[in-house]
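Understanding the architecture of this molecule
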Amino acid sequence: MNSVRRLSLVTDEIQPRRSGALRIAIATQDMKVLNAHFGSAKHFAVYDVSRDGWDFVEAVSFDDVCDESGKHPIEGEDRITPKVTALRGCHLLFCRAIGGPSAARVVSARIHPIRVGEPEAIQDVLSRTQKMLKTAPPPWLRKVLAQAGVAEKKPFEDED
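Just so we're clear, the structure is a prediction, and the values are computed from it rather than from any experiment.

Tallying each qualifying case throughout the model produces three aromatic pairs. When the centroid spacing of 5.7 Å and the interplanar angle of 55° are considered together, the rings of F38 and F44 count as tilted. Each member of the pair, F38 as well as F44, carries the same accessibility label: buried. Pairing F44 with F62 gives two aromatic rings, centres 6.0 Å apart and planes at 90°, and the pair type is edge-to-face. You can see F44 sitting in strand β4 (residues 43-50) and its partner F62 sitting in strand β5 (residues 53-62), a full 18 residues away along the chain.

Right under this line is the structure:
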């Protein structure tokens, strides 16, 4: 059985999601660095990122994860569904790697996976995402923004 733990900040006031914010999840082993494959991630740091900044939303942790070989200790055990379910509501998922079947399930949950080749500080991922939102976002990000209801959908003729 795969247990999931959630840690979120609780304040005296309810903090609304920033206007125009994307909810992003970052696969991490230590809550400091994007350094995990999707299946082997012990934690996902979840943030709302907008042009103006970012807010920590929650940390989602898993006790039972795959190793990075892609093999499961108990064949047939589903460790992907709990992760996809826990990340519902996120728009982007940053991870070191993700297998094809896992990527398909993430995409079907309307989460756009982004593979990052080398470990990167979570603060750097947040800064880069914020910078993309401030400047001209690439077409794939404009599509995510439109699907998230954060940006207006434009006809293809308006594409760069």
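Now, onward.
What the rule picks out here adds up to two salt bridges. The closest approach of N and O atoms between D48 and R23, which form a salt bridge, is 2.7 Å. Taken together, the positions of D48 in strand β4 and R23 in strand β2 (residues 22-28) put the pair 25 residues apart, joining distant regions of the chain. Per residue, the accessibility class of D48 equals that of R23, and both read buried. For the salt bridge of E120 with R128, the shortest nitrogen-to-oxygen distance reads 2.8 Å.

Conventions and cut-offs
- Residues numbered from 1 in each chain as written.
- Predicted model: local features only at pLDDT ≥ 70, side-chain atom pairs only at ≥ 80, totals over all residues.
- Heavy atoms only, no water.
- Phe/Tyr/Trp six-rings, centres within 6.5 Å; stacked < 30°, edge-to-face > 60°.
- Buried < 20%, exposed > 50% of the residue type's maximum accessible area, 1.4 Å probe, protein only.
- Helix = DSSP H or I, 4+ residues; strand = E, 2+ residues; numbered from the N terminus.
- Salt bridge = Lys/Arg side-chain N within 4 Å of Asp/Glu carboxyl O.

Note that all results are geometric; they support no functional claim without further evidence.
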